[in-house]
Amino acid sequence: MDKTPKLEIREIFCAKAGNDWSRCFHGTIRRETDSDGNPVVIGRIKVGDGFILAQAANQDVLGEHLDELALMVLDMGLHDNEGLSTLIAGTHYFLN
């Protein structure tokens, strides 16, 4: 039987919409490897009522992606329209 502890380490990360520090949001990143063995960094940050998610090869590029997504959510209404969905067994499934 495998006795390895089920522990997952995550880092706290920040996304900032523009130059305004009052529009700064915190979340987590985790480091993994893709199917080819290359390192990837995955970020998940709560902005308003939703989350922004991004993946990149390093945390510098990830930070740029998350900053852009935060701007899109706050200034361009990215989460305002849920898009097309269908109801299956009482649950909404989004068609994207």
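Residues numbered from 1 in each chain as written. Predicted model: local features only at pLDDT ≥ 70, side-chain atom pairs only at ≥ 80, totals over all residues. Heavy atoms only, no water.

Re the sheet that holds strand β4 (residues 50-56)
Point 1. Taken in spatial order, the four strands of this open sheet run β1-β2-β3-β4, and their pairing is antiparallel. Two strands close off the open sheet at either side, each with one partner strand: β1 (11-16) and β4. Sheet twist, expressed as the average angle between the axes of neighbouring strands with direction ignored, equals 30°.
Point 2. Pairing of strand β3 (residues 39-47) with β4 involves seven bridges; the strand directions are antiparallel. Across the sheet, residue Gly43 finds its bridge partner in β4, namely Ala54.
Point 3. Sitting on the sheet, helix α1 (residues 59-76) is in contact with β1, β2 (24-33), β3 and β4, with an inclination near 150° to β4. (Pairing = 2+ DSSP bridges. Helix = DSSP H or I, 4+ residues; strand = E, 2+ residues; numbered from the N terminus. Axes fitted to C-alpha atoms, helices over the stretch in contact; angles between N-to-C directions. Contact = heavy atoms within 4.5 Å.)

Quick word on a nonpolar patch on the surface
Point 1. Taken together, Met72, Met76 and Leu78 make up a surface patch of nonpolar side chains, about 290 Å² in accessible area.
Point 2. When you line up the elements, Leu78 lands in the loop between α1 and β5 (85-88). (Patch = residues over 30% accessible without salt bridge, like charges linked within 9 Å, V, L, I, M, F, W, Y side chains within 5 Å. Areas by Shrake-Rupley, 256 points an atom, 1.4 Å probe, with all protein chains shown as cover. Salt bridge = Lys/Arg side-chain N within 4 Å of Asp/Glu carboxyl O.)

A few points about the pairing of strand β6 (residues 91-94)
Point 1. The sheet contact formed by β5 and β6 spans four bridges and is antiparallel. Counterpart to Ser85 in the pairing with β6 is Phe94.
Point 2. Count of turn residues in the β5/β6 antiparallel hairpin: two residues, of which Ala89 carries a positive phi of about 55°.

Considering the packing of aromatic side chains
Point 1. Across all of its chains, the model carries zero aromatic pairs by this definition.
Point 2. The ring of Trp21 carries the charged tip of Lys16 above its face, separated from the ring centre by 4.0 Å.
Point 3. For Lys46, the ring lying beneath its charged end belongs to Phe51, and the centroid distance is 5.3 Å. (Phe/Tyr/Trp six-rings, centres within 6.5 Å; stacked < 30°, edge-to-face > 60°. Lys NZ or Arg CZ within 6 Å of the ring centre and 35° of its normal.)

Things to note about the nonpolar core
Point 1. Judged by nonpolar contacts, the single largest core of 16 residues is most densely connected at Ala15, Ile45, Val47, Ile52, Leu62 and Leu66.
Point 2. Of all the secondary structure elements, the ones that give two or more residues to this core are β1, β2, β3, β4 and α1.
Point 3. In terms of residue count, α1 provides more of this core than any other element does, five residues in total.
Point 4. Once residues within four sequence positions are removed from consideration, Leu62 is found in contact with Phe13, Ile29, Val41, Ile42, Gly43, Ala54, Gln55 and Ala56. (Core = buried A, V, L, I, M, F, W, Y, C linked by side-chain atoms within 4.5 Å. Buried < 20%, exposed > 50% of the residue type's maximum accessible area, 1.4 Å probe, protein only.)

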